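Spelled out from the first residue to the last, the chains are:
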Amino acid sequence: MDKKTVKDIEVKGKKVLVRVDFNVPRDKGKITDDTRIKAALPTINYLHEQGAKVILVTHLGRPKGNVMDEFRLDEVANRLGELIGKKVIKTPETVGEETKNVIDNMEDGDVILLENVRFNPGETKNDSEFTKELASLAEIYVNDAFGTAHRAHSSTTGVAEYLPAVAGFLLEKELRELSRAIDNPPKPYVAIIGGAKISDKIGVIENLVNKVDALIIGGGMANTFLKAKNYKIGKSLLEESKVQLATELIQKAKEKGVKLLTPIDAVVANSIEDRSEILNVSIDSIPSDKMVLDIGQDTIDLYTKSLEGAKLVFWNGPMGVFEVEEFSKGTKAIAQKVASLDAISIIGGGDSVAAVKQAGLDGNITHISTGGGASLEFLEGKELPGVKILNDK
Ligand code: ADP
Ligand code: MG
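Quick notes on the rules
- Residue numbers here run from 1 along each chain, matching the order of that chain's written sequence.
- Written order decides the labels, with chains lettered from A and ligands numbered from 1.
- In keeping with the model being predicted, local features are shown solely for residues with a pLDDT of at least 70 and side-chain atom pairs are shown and tallied solely at 80 or more, while totals for entire chains, interfaces and linings include all residues.
- Processing note: side-chain calculations cover all non-hydrogen atoms of the structure and skip hydrogens and water entirely.
- Here the term buried applies to any residue with accessible area under 20% of the maximum for its type, exposed to any over 50%, and partly exposed to those in between, with areas from a 1.4 Å probe on protein chains only.
- Helix numbers and strand numbers start at the N terminus; a helix is a DSSP run of H or I with at least 4 residues, a strand a run of E with at least 2.
- One bridge is not enough; two strands pair if DSSP finds at least two bridges between them.
- To obtain each axis, a line is fitted to C-alpha atoms, and for helices this fit is confined to the stretch in contact; angles are then taken between N-to-C directions over 0 to 180 degrees.
- Angular relationships are summarised with four words: roughly parallel below 35 degrees, roughly antiparallel beyond 145, roughly perpendicular across 65 to 115, and oblique for the angles in between.
- By definition, turning the near helix anticlockwise from the far helix through less than a right angle yields a left-handed crossing, and turning it clockwise yields a right-handed one.
- Contacts are assigned to residue pairs that have any heavy atoms within 4.5 Å of one another.
- Under the scheme applied, nonpolar residues are Ala, Val, Leu, Ile, Met, Phe, Trp, Tyr, Cys and Pro; charged residues are Asp, Glu, Lys and Arg; polar residues are all the others, including Gly.
- Just so you know, the domain bounds were taken from an automatic or database domain assignment.
- The quantity reported as buried area is the accessible area (1.4 Å probe) lost by two parts once they are put together, taken as the sum for both.
- What counts as a salt bridge is simple: a side-chain nitrogen of Lys or Arg found within 4 Å of a carboxyl oxygen of Asp or Glu.
- The patches reported here contain residues having more than 30% relative accessible area and no salt bridge. Joining distances are 9 Å for like charges and 5 Å for nonpolar side chains (Val, Leu, Ile, Met, Phe, Trp, Tyr).
- The Shrake-Rupley method, run with a 1.4 Å probe, gives the accessible areas here. Residue values count only the displayed protein chains as cover.
- We score Asp and Glu as negative and Lys and Arg as positive, and we do not count His or the chain ends.
- Charged groups are reduced to one reference atom each: NZ for lysine, CZ for arginine, CG for aspartic acid, CD for glutamic acid.
- Within 6.5 Å between ring centres, the rings of Phe, Tyr and Trp (the latter by its six-membered ring) count as paired, and their orientation is classed by plane angle as stacked under 30 degrees, edge-to-face over 60, tilted in between.
- UniProt positions are given in the numbering used here, feature names are shortened, and annotations may be inferred rather than shown by experiment.
- Distance and chemistry together define a polar contact, namely a pair of N or O atoms within 3.5 Å, with one atom able to donate a hydrogen and the other to accept it when in protein, and with adjacent residues in sequence counting only for side-chain atoms on both sides.
- If a single non-hydrogen atom of a residue is within 4 Å of a molecule or strand, that residue counts as near it.

A few points about the pairing of strand E10 (residues 214-217)
Right, on to step 1. Of the two faces of E10, the one carrying Ala214 and Ile216 and the one carrying Leu215 and Ile217 are both buried.
Right, on to step 2. Of the pairings in the sheet, the one linking strand E9 (residues 189-193) to E10 comprises four bridges and is parallel in character. From the neighbouring strand, valine 190 faces E10, where its bridge partner is alanine 214.
Right, on to step 3. Relative to strand E11 (residues 259-261), E10 is paired through three bridges, and the arrangement is parallel. Across the sheet, residue leucine 215 finds its bridge partner in E11, namely leucine 260.

Dropping the structure here:
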């Protein structure tokens, strides 16, 4: 990598502000998956061992500039403390007098966590006042938050204007692994795109069409393409405003000779909750009162067959509502196939990663990215703002 990392600078005795991504999934306040915390440990442990004063900053959820108790980081600080075997003080605010006091009292090797950075309206606006205040807490900035590297916020890019700025080990690893899908990707290269964040993801398809040999579309995303192909999709999740774009993408794939696969059958029900009648129907006979909630068996066969022989697979977004057993078959089948391939496999996206872990297949995947949106933008060939601002070697 051409960017400096924590290894390239002297950190002993220095106050080091580290942007981490501890935006962990929770249920009733309890952390349900601490993967993101664990992923930052190499950087945190290294800085601790080197005798830096480690000041961690992260967001959690979307408090939208308001202080909201449900998004406080106490649980996260406790969990991190357990993982590093050392007490982690959490400050009551991100910046301010009390935070300065806590930092003034830090000893070399101490680790603290600032309160949720998105409690401050300035953060997502990259507001210069807030940025300066945050930067004034430290002498060095480390970005290890790959999951937010595609955002230009105070804590992801702004502070780098005021401090020497380097990459942490997680960021470095993510870029190294994901680069394999950019620089001379092994072929055949197959991308699988699904999930529900259609408007976020359809742009990446536009770009992937230029790079891949085949594109497999599933999940809620597929409905927009089915609509573009004039199928009736009943009450399925649809982003009407993207149907035109889907039509263009189908055309573009055709021109480029890229196989663009959409479902040929589907598992449908009245709704996610009302599972009184679940049917596997052909794509041209979706009942008008039903929703598509998974890919069907013929589609599973088609997709798994299309993955055979692939040398590189990138997957983002589940094939169906995998959280519900009855609609999880498609996602599981694809996960099994991807895991069994003699190929480089890269998976990004919180839910896709959760699905693969749930199936116990994460050990067979080459790289599990901690960033959904960030990995997509990186694979689109965009330079991530949180990477761009780091000091060059
Ligand atoms: P990721 O987190 O992997 O990037 P997304 O967040 O885009 O993926 O999408 C995951 C969500 O998409 C899951 O909660 C899943 O239930 C939902 N989903 C998948 N297929 C469908 C569908 N056909 N209809 C509605 N929701 C779907
Ligand atoms: Mg998701």
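Still more to cover.
Quick notes on the packing of helix H2 (residues 41-49) against helix H3 (residues 74-84)
Right, on to step 1. The contact between H2 and H3 brings their axes to 11 Å, and the two run at 65 degrees. Here H3 runs roughly perpendicular to H2, going by the angle between their axes. Judged by the sense of rotation from one axis to the other, the crossing of H2 with H3 is right-handed. Here Leu41, Ile44 and Asn45 of H2 lie close against H3, whose contacting residues are Leu80, Leu83 and Ile84.
Right, on to step 2. Here the residues of the contact of H2 with H3 sort into five nonpolar, one polar and no charged.

Looking at the domain arrangement of the protein
Put simply, an interface is often sized by how much accessible area is lost when its parts join up.
Right, on to step 1. What the domain assignment reports for the protein is domain 1 (6-173) and domain 2 (180-379).
Right, on to step 2. The gap between the C-alpha centroids of domain 1 and domain 2 is 34 Å.
Right, on to step 3. Counting residues at the interface gives ten residues for domain 1, matched by nine residues for domain 2.
Right, on to step 4. For the domain 1 face of the interface with domain 2, the top three residues by lost area are Arg36, Phe146 and His150, together amounting to 61%.
Right, on to step 5. For the interface between domain 1 and domain 2, the tally reads zero salt bridges.

Some points on a positive patch on the surface
Right, on to step 1. Together, Arg62, Lys64, Arg151 and Lys197 make up a region of like positive charge exposed at the surface.
Right, on to step 2. Looking at where arginine 62 falls in the secondary structure, it is placed in the loop between strand E4 (53-57) and H3.
Right, on to step 3. Using a relative accessible area of 65% as the deciding quantity, one classes arginine 62 as exposed.

Quick word on the packing of aromatic side chains
Right, on to step 1. This model, assessed by the stated rule, comprises one aromatic pair.
Right, on to step 2. Here tyrosine 46 and phenylalanine 169 contribute two aromatic rings whose centre-to-centre distance is 5.3 Å and whose plane-to-plane angle is 80 degrees, an arrangement assigned as edge-to-face. Taken together, the residues span a long stretch of sequence, with tyrosine 46 in helix H2 and phenylalanine 169 in helix H7 (residues 169-179) at a distance of 123 residues. The same class applies to tyrosine 46 as to phenylalanine 169, namely buried.

Focus: the UniProt feature "binding site: substrate" (unreviewed entry) in the protein
Right, on to step 1. In this numbering, the UniProt entry assigns the feature "binding site: substrate" (unreviewed entry) to Asp21, Phe22, Asn23, Arg36, His59, Leu60, Gly61, Arg62, Arg118 and Arg151.
Right, on to step 2. Relative to the assigned elements, histidine 59 resides in the loop between E4 and H3.
Right, on to step 3. Within the local environment of histidine 59, its side chain forms a polar contact with the side chain of arginine 19, the two groups lying 3.2 Å apart.
Right, on to step 4. Topologically, arginine 118 is positioned in the loop between strand E6 (111-113) and helix H5 (121-125).
Right, on to step 5. Owing to a relative accessible area of 12%, arginine 118 belongs among the buried residues under this scheme.
Right, on to step 6. For arginine 118, the residues in contact, after removing those within four places along its chain, are His59, Gly61, Arg62, Pro63, Lys64, Gly65, Asn66, Glu123, Thr124, Thr148 and His153.

Comments concerning the UniProt feature "binding site: ATP" (unreviewed entry) in the protein
Right, on to step 1. In this structure's numbering, the residues bearing the UniProt feature "binding site: ATP" (unreviewed entry) are Lys201, Glu323, Gly349, Gly350, Asp351 and Ser352.
Right, on to step 2. The class for glycine 349 is buried, based on a relative accessible area of 10%.
Right, on to step 3. The contact partners of glycine 349, leaving out residues within four places of it in the chain, are Asn316, Gly371 and Gly372.
Right, on to step 4. Note that serine 352 resides in helix H13 (residues 350-358).

So, the sheet that holds strand E5 (residues 89-90)
Right, on to step 1. One open sheet holds the six strands; their spatial order is E5-E6-E4-E1-E7-E8, and the pairing between them is parallel. In this open sheet, the two edge strands, each paired with only one partner strand, are E5 and strand E8 (165-167).
Right, on to step 2. Here three bridges tie strand E7 (residues 140-143) to E8, and the two strands are oriented parallel to one another. If you follow tyrosine 141 over to E8, its bridge partner there is alanine 165.

With respect to the site of ligand 1
Right, on to step 1. Lining the immediate surroundings of ligand 1 are 19 residues, of which Ala196, Lys201, Glu323, Asp351 and Ser352 lie closest.
Right, on to step 2. Measuring from an oxygen atom of ligand 1, one finds a backbone N or O atom of glycine 350 at 3.3 Å.
Right, on to step 3. Every element with two or more residues in the shell around ligand 1 is listed here: helix H9 (219-228), strand E14 (291-295) and H13.
Right, on to step 4. When residues of the shell around ligand 1 are assigned to their parent elements, the largest contribution, three residues, is made by H13.

Some remarks on the pattern of salt bridges
Note on pairing: side chains with opposite charge can pair once their charged atoms come close.
Right, on to step 1. This structure, assessed with the given rule, holds 25 salt bridges.
Right, on to step 2. Arginine 72 is the salt-bridge partner of glutamate 115, the closest N and O atoms lying 3.0 Å from each other. Within this pair, whereas glutamate 115 is found in the loop between E6 and H5, its partner arginine 72 is found in the loop between E4 and H3, the two being separated by 43 residues in sequence.
Right, on to step 3. When its relative accessible area of 1% is taken as the criterion, glutamate 115 is described as buried.
Right, on to step 4. Overall, the relative accessible area of 26% leaves arginine 72 in the partly exposed class.
Right, on to step 5. Where glutamate 115 meets lysine 90, a salt bridge forms, and the shortest distance between an N and an O atom there is 2.5 Å. With glutamate 115 in the loop between E6 and H5 and lysine 90 in strand E5, this residue pair connects regions lying 25 residues apart in the sequence. An identical accessibility class is assigned to glutamate 115 and lysine 90; each is buried.
Right, on to step 6. What emerges from the salt-bridge pattern is a single network uniting Asp69, Arg72, Asp74, Lys90 and Glu115.

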